[in-house]
Amino acid sequence: MDTGTEGETGGPVWVGLPGGLLTLRRLLLVIWTTGFAAVTAVVLGLTVGPWWAFFAVPWLAALVWGWVLLGRNWRSWRYAERADDLLISRGVLWREETVVPYGRMQLVEVTSGPLERRFGLASVQLHTAAATDAKIPGLAPAEAERLRDRLTALGEARSAGL
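In this text the structure is predicted, and so the values were computed from the model without any measurement.

1. Looking at the sheet that holds strand β7 (residues 133–139)
Sheet architecture is open: three strands sit in the order β5-β6-β7, paired in antiparallel fashion. The open sheet has two edge strands, β5 (105–111) and β7, and neither has a second partner. For this sheet, the mean inter-axis angle between neighbouring strands, taken without regard to orientation, is 15 degrees.

Take a look at the structure:
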């Protein structure tokens, strides 16, 4: 039985991450940069002089730059399930593609911190026999659990002959 996903051309079908992860990361960016900008403006404005408060502008520029970079980074994350392995691809300037054979997986974890739970997100962490760890962040909890169960079942089936 062939258990992978393949497209019309025989290549893997890539699945991107849901938008909740991008929303969470952008919200954290806004909170941190506006906080730093406000502290910089107030401290320099009160201690040195009002014109020195303009040194908070680089924080706002970092906000705009970070907003764009987070979007590009989020779009670069994707994964694909194939017959014998799981592919994870990420990166904008330096593309990184990880191939995790099902038979080499030892542990599949689903984690969700407080902020992730608030935004309805979970991450899947894969631990392999080769001490390689792969992670898929920002999945919907139901998809993360489905992926965990599927990878665990395929891992047990593939490693049975070892």
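2. Some points on helix α1 (residues 19–47)
Over its 29 residues, α1 extends 42 Å from the first C-alpha to the last, a length consistent with the 42 Å expected when each residue adds 1.5 Å. Restricting attention to buried positions, one finds in α1 the residues Leu21, Leu22, Leu24, Arg26, Leu29, Thr33, Ala37 and Thr40. A positive backbone phi angle near 160 degrees is found at Gly49, which sits one or two residues after α1.

3. Comments concerning the packing of aromatic side chains
Using the criterion set out here, one finds four aromatic pairs in the structure. Centre to centre, the rings of Trp32 and Phe36 are 5.7 Å apart; their planes meet at 35 degrees, and the pair counts as tilted. Within this pair, Trp32 and its partner Phe36 are both found in helix α1, separated by four residues, close to a single helical turn. Classification of Trp32 by relative accessible area gives exposed; the value is 55%. Looking at Phe36, the relative accessible area reads 37%, which means it is partly exposed. Taken together, the ring pairs in this structure connect Trp32, Phe36 and Trp59 into an aromatic cluster. Lying over the aromatic face of Trp14, Arg78 brings its terminal NZ or CZ to 4.1 Å of the ring centre.

What counts, and at which threshold
Residues numbered from 1 in each chain as written. Predicted model: local features only at pLDDT ≥ 70, side-chain atom pairs only at ≥ 80, totals over all residues. Heavy atoms only, no water. Pairing = 2+ DSSP bridges. Helix = DSSP H or I, 4+ residues; strand = E, 2+ residues; numbered from the N terminus. Axes fitted to C-alpha atoms, helices over the stretch in contact; angles between N-to-C directions. Expected span 1.5 Å × (residues − 1). Buried < 20%, exposed > 50% of the residue type's maximum accessible area, 1.4 Å probe, protein only. Phe/Tyr/Trp six-rings, centres within 6.5 Å; stacked < 30°, edge-to-face > 60°. Lys NZ or Arg CZ within 6 Å of the ring centre and 35° of its normal.

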